[in-house]
Every structure is written in C-alpha cells, then in structure tokens.
Amino acid sequence: MRLSLFCPSTGGHEEAVHSWLLREHLPWEVFVDPTIEGEGAGYLQKVQNFYKNTDADVIAYLHSDLFIHEFSWDERVLREFEDPNVVLVSFFGARQLGRPSLYVEPYHYSQLARGDCWSNMRDAEMHGQRCIGSMDVAMIDSFSLIVRRSFLDEIGGWPMQCPPSHGSDMWICMMAARHKKKVRLIGIYCSHASGGVRGDGKFDYPAWAAQTKWGSDAAMHAWWHQYLYSEFKDVLPIKVA
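Keep in mind the model is a prediction, meaning the values are calculated, not measured. Counting restarts for each chain, with residues numbered from 1 along the sequence as it is written. In keeping with the predicted nature of the model, local features appear solely for residues at pLDDT of at least 70, side-chain atom pairs appear and are counted solely at 80 or more, and the whole-chain, interface and lining totals rest on all residues. To obtain the side-chain values, all non-hydrogen atoms of the structure were included, while hydrogens and water were left out.

A. Examining the nonpolar core more closely. Residues enter a nonpolar core if they are buried and are Ala, Val, Leu, Ile, Met, Phe, Trp, Tyr or Cys, with the set joined through side-chain atoms within 4.5 Å. Any residue under 20% of the maximum accessible area for its type is buried, any over 50% is exposed, and the rest in between are partly exposed; the area is computed with a 1.4 Å probe on protein chains only. By size, the foremost hydrophobic cluster in this structure holds 73 residues, and its most contacted members are Trp 20, Tyr 61, Trp 73, Leu 88, Phe 91, Ile 172 and Met 174. The secondary structure listing takes helices from DSSP runs of H or I that are at least 4 residues long and strands from runs of E that are at least 2 residues long, numbered from the N terminus. When residues of this core are assigned to their parent elements, the largest contribution, seven residues, is made by helix α6 (residues 168–178). By size, the runner-up hydrophobic cluster in this structure holds six residues, among which are Phe 203, Tyr 205, Ala 209 and Met 220.

Pasting the structure below:
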C-alpha cells in the first residue's frame, strides 16, 4: 500500500513538512502546492488537483501548520487502512457530528457542531480528551485528512461546486457515513500551530475570499452549513459508540 503526502500550502510550510519526513518510517514523497492567487489557491482546488494526479493508494492531506512529533507515524496510519471498510483517518476525531436537536429546532449552523472530541495533540485537553490509541469517530479535522483514494473514486472526487473553504472535512465524513464506511482517529503525537490559514504573511486570505463568487469567508461558511444541513438528512446527526 502506497502513501502520498500532500500539503496545500499558503507559505511557511518548510518546518512542518520537515517534521513529517524526519519521523516517517518509509521515505514517502511530499508534494506541496504553494499557489496563493486565483482559483488555484483554494483548498478544494488544490486537493482535487492532487487527487487527479496521483495513483497512491492512500492520500494524506496535511496542513502546513501541522507538526508531527511521533516516529513511524506512517506505519500506524497504513495499519488502519488494512481494514477495507476504513476510508478516512485523522489525528483528531469527534464521536458526535450534529446536535440531538438537529431537524427538531429551527436551523442554526451551530447545530452541526462536533462533540466528544479526542486527539493526542500537545494541547489535547484544550480541545477535548486525550487518546494515544485509536477509535471509530464520526468527524475528523482537515489539518490531518488521510483518505483512501478508491473512496474518492467511488464518490466522484471532491465537491467542486462548493466553496473552497470550511466544509469539505464535514462533507467527506458525512459521505463516509452515507456509504457505511469507517472513520478512524489515531492518537499520533502532534501539534497544530494555528488552526487557520497561516501561511508566511504573503497570502491575504480575506482579500482572496472576497474575490470568489461567494464574496467573503463568512458567506462560504454560511453556504456550507446550510448545504450540509439540507443534503445529509439521511445520516445526521451521527454518533459513534
């Protein structure tokens, strides 16, 4: 099984990428897309382009502000994919996606929040609870989104009709639930530096977002949540024991 690492960078990725390579067991190659102008700067466009241009069995989409501190982390990742029903793996997971009040009370985007969160990040307790092992989860975080390539083939790739920011990690987890596939958290010791579009100061994200057809970051956020709320009534809310 072959693993390929991809960084949808906006700059300033060198130290993070070095941490992945320094601690991997096998010498997997890292591909970086540093585009910061035009449609090609969008997260969805970058991940879709890489998916279309790799034949790796497993694609690890890793953010440019993710630092991995655990040796042989790649072995643990690939071990999870030995189960043919596993299609998604991450270093962060939540066992709930969507509030119990979803579709009962009037719509509000906060009803799509994740809950019961686990990780082995340095500051895990600030985000939930610590897990050094592995478990089934409902939701992951895109800072470490590792996907079986054949699952992307099955679902037709990434949803390019959607805004490039905010909802693609929720979308692919909901697609996994719809197709009755497994999503896994593995407690890799790591740190996520900012949780946002960091870069090296050369990428003006608000200005870029204003040039998209959605007009702003806030509009993209609102569009995604309304779409997911309407589209995935067959699986939401998701709760994993």
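B. Representation of the pairing of strand β5 (residues 86–90). With five of its five residues buried, β5 lies for the most part within the structure. Inspection of the sheet shows β5 paired to strand β12 (residues 182–186) by four bridges, in the parallel sense. Bridge pairing in β12 places Val 86 opposite Lys 182. Any two strands with at least two DSSP bridges between them are considered paired. Sheet topology note: the β5/strand β11 (residues 144–148) ladder contains two bridges and is antiparallel. What sits directly across from Leu 88, in β11, is Val 147.

C. A look at the environment of Glu 154. With respect to the helices, strands and loops of the structure, Glu 154 is situated in helix α5 (residues 149–155). Through-space distance from the C-alpha of Glu 154 to that of His 179 is 9.6 Å; in sequence the pair is 25 residues apart. By definition, residues are in contact when any of their heavy atoms lie within 4.5 Å. Once residues lying within four places of it in the same chain are set aside, the contact partners of Glu 154 are His 179 and Lys 181.

D. Molecular detail of the sheet that holds strand β1 (residues 3–7). Strand order across the open sheet formed by seven strands is β2-β1-β3-β11-β5-β12-β9, with mixed pairing between neighbours. What marks the edges here is a single partner per strand, and that holds for β2 (30–32) and β9 (134–136). Averaged over all neighbouring strand pairs, the angle between strand axes comes to 20°, with direction disregarded. Relative to strand β3 (residues 58–62), β1 runs parallel, the two sharing four bridges. To obtain an axis, a line is fitted to C-alpha atoms, over the contacting stretch when the element is a helix, and the angle between two such axes runs from 0 to 180 degrees between their N-to-C directions.

E. View of the pattern of salt bridges. Salt bridge criterion: a side-chain nitrogen from Lys or Arg within 4 Å of a carboxyl oxygen from Asp or Glu. Tallied over the full model, the rule gives eleven salt bridges. Notably, a salt bridge pairs Glu 125 with Arg 130, separated by 3.0 Å at the nearest N-O pair. The exposed category is assigned to Glu 125, whose relative accessible area is 51%. Arg 149 serves as the salt-bridge partner of Asp 153, at 3.0 Å between the closest nitrogen and oxygen. Of the two residues, Asp 153 and Arg 149 are both situated in helix α5; the distance of four residues between them amounts to about one turn of the helix. Residue Arg 149 is classed as buried on the basis of its relative accessible area, which comes to 17%. Through salt bridges with shared partners, one network takes in Glu 80, Asp 136 and Arg 184.

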